[in-house]
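Tertiary structure, described
So you can see what is in the structure, the chains are spelled out below.
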Amino acid sequence: MVCAAVTTDAIKPFISSWCRAMINKSLNKSVPEGQRAEILETMLDLYQDNIAEHTAFFKGMSDTLDAIEAQGLKWGVVTNKQERFTNPLMVALKLTDRAGLHYQWGYHGQPKPHLEPMLLACKQAEVKPQECVYIGDASHDIIAGKNAQMKTLAALYGYLKPGDTPETWGADALIASPEQLATWISSALCH
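Residues numbered from 1 in each chain as written. Predicted model: local features only at pLDDT ≥ 70, side-chain atom pairs only at ≥ 80, totals over all residues. Heavy atoms only, no water.

Here we come to the overall build of the chain. Helix and strand content of the chain: eight helices and five strands. The order of helices and strands in the chain, counted from the N terminus, is α-α-α-α-β-α-β-α-β-α-β-β-α. Taking 191 residues into account, the globule formula puts the C-alpha radius of gyration at 16 Å, and the chain, at 17 Å, falls close to it. Summarising its shape, the C-alpha atoms of the chain cover approximately 55 × 35 × 30 Å along the three principal directions. Evaluated residue by residue, the chain yields a buried proportion of 34% over its 191 residues. Long-range pairs, those at least 24 residues apart, make up 50% of the contacts in the chain between residues at least 6 apart in sequence. Summed over all atoms, the accessible surface of the chain reaches about 11,200 Å², with 55% contributed by carbon and sulfur. (Helix = DSSP H or I, 4+ residues; strand = E, 2+ residues; numbered from the N terminus. Rg over C-alpha atoms; globule rule 2.2 N^0.38 Å. Buried < 20%, exposed > 50% of the residue type's maximum accessible area, 1.4 Å probe, protein only. Contact = heavy atoms within 4.5 Å. Areas by Shrake-Rupley, 256 points an atom, 1.4 Å probe, with all protein chains shown as cover.)

Rendered as structure tokens:
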């Protein structure tokens, strides 16, 4: 099957919703489910084989992580992506030894927006949920954090879909950049 090329700008808003959403956005509605499933498997294999080939931090994120660590704070990753993808990506980005916790869905139970992964991550990091701030770029991130009684921040610099309205998600704050995240955390620590 030959498919038309899809621009990065067209697909970027669907990255947070993962592969099936990107495929659905990219393909004509007439493509049968069987072919979509084949494309999905090919996409996942290619992603796994090239996990960090073009991956880069959001502008300012590296400095933000440095600032968080300089304050002696733990940070980590809670994702709905499977272990087959998250572990190699964390290693490739040299984050495994830096992160205070790393939790991926895949084999632990319920994905976000369920609060289970949030609570398990807190247990792993040996912190109370009420002492945590969860940052996300999808409504299910904010719901999961709120359900776990965490402070929540909606990342406006993330992979928002057309029609997303993060101002309605109930986050404690909206942040437009990783630098704003560092400022928000510093301000929260002072209060």
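Taken residue by residue, helix 7 (residues 139-147) has Asp-141, Ile-142, Ala-144 and Gly-145 as its buried positions. Along the axis of helix 7, the buried positions cluster into a sector of 160°, meaning they face one direction only. Looking at the buried positions of helix 7, the neighbouring elements they touch are helix 6 (116-125), strand 3 (133-136) and strand 4 (151-155). Trailing helix 7 by a residue or two, Gln-149 shows a phi angle of about 70°, which is positive. (Arc of directions from axis to C-beta.)

Turning next to the side chain of Arg-36. Along the polypeptide, Arg-36 turns up in helix 3 (residues 33-49). Of the side chains with opposite charge, Glu-33 lies nearest to the buried Arg-36, which makes no salt bridge, at 4.7 Å. A distance of 3.0 Å separates a polar side-chain atom of Arg-36 from the backbone oxygen of Val-31. Excluding anything up to four places from it in sequence, Arg-36 contacts Ile-23, Asn-24, Leu-27, Asn-28, Lys-29 and Val-31. (Lys, Arg positive; Asp, Glu negative; His and termini not counted. Salt bridge = Lys/Arg side-chain N within 4 Å of Asp/Glu carboxyl O. Polar contact = N/O pair within 3.5 Å; in protein donor to acceptor, adjacent residues only side chain to side chain.)

In contact at an axis separation of 10 Å, helix 2 (residues 19-26) and helix 3 are set at 125° when each is read in the N-to-C sense. Relative to helix 3, the element helix 2 lies oblique. Crossing of helix 2 over helix 3 shows right-handed handedness. Mapping the contact onto sequence places Cys-19, Arg-20, Met-22, Ile-23 and Asn-24 in helix 2 and Glu-33, Arg-36, Ile-39, Leu-40, Met-43 and Leu-44 in helix 3. Considering only residue class, the contact of helix 2 with helix 3 consists of seven nonpolar, one polar and three charged. (Axes fitted to C-alpha atoms, helices over the stretch in contact; angles between N-to-C directions. Parallel < 35°, antiparallel > 145°, perpendicular 65-115°, else oblique. Left-handed = near helix turned anticlockwise from the far one by under 90°. Nonpolar A, V, L, I, M, F, W, Y, C, P; charged D, E, K, R; others polar.)

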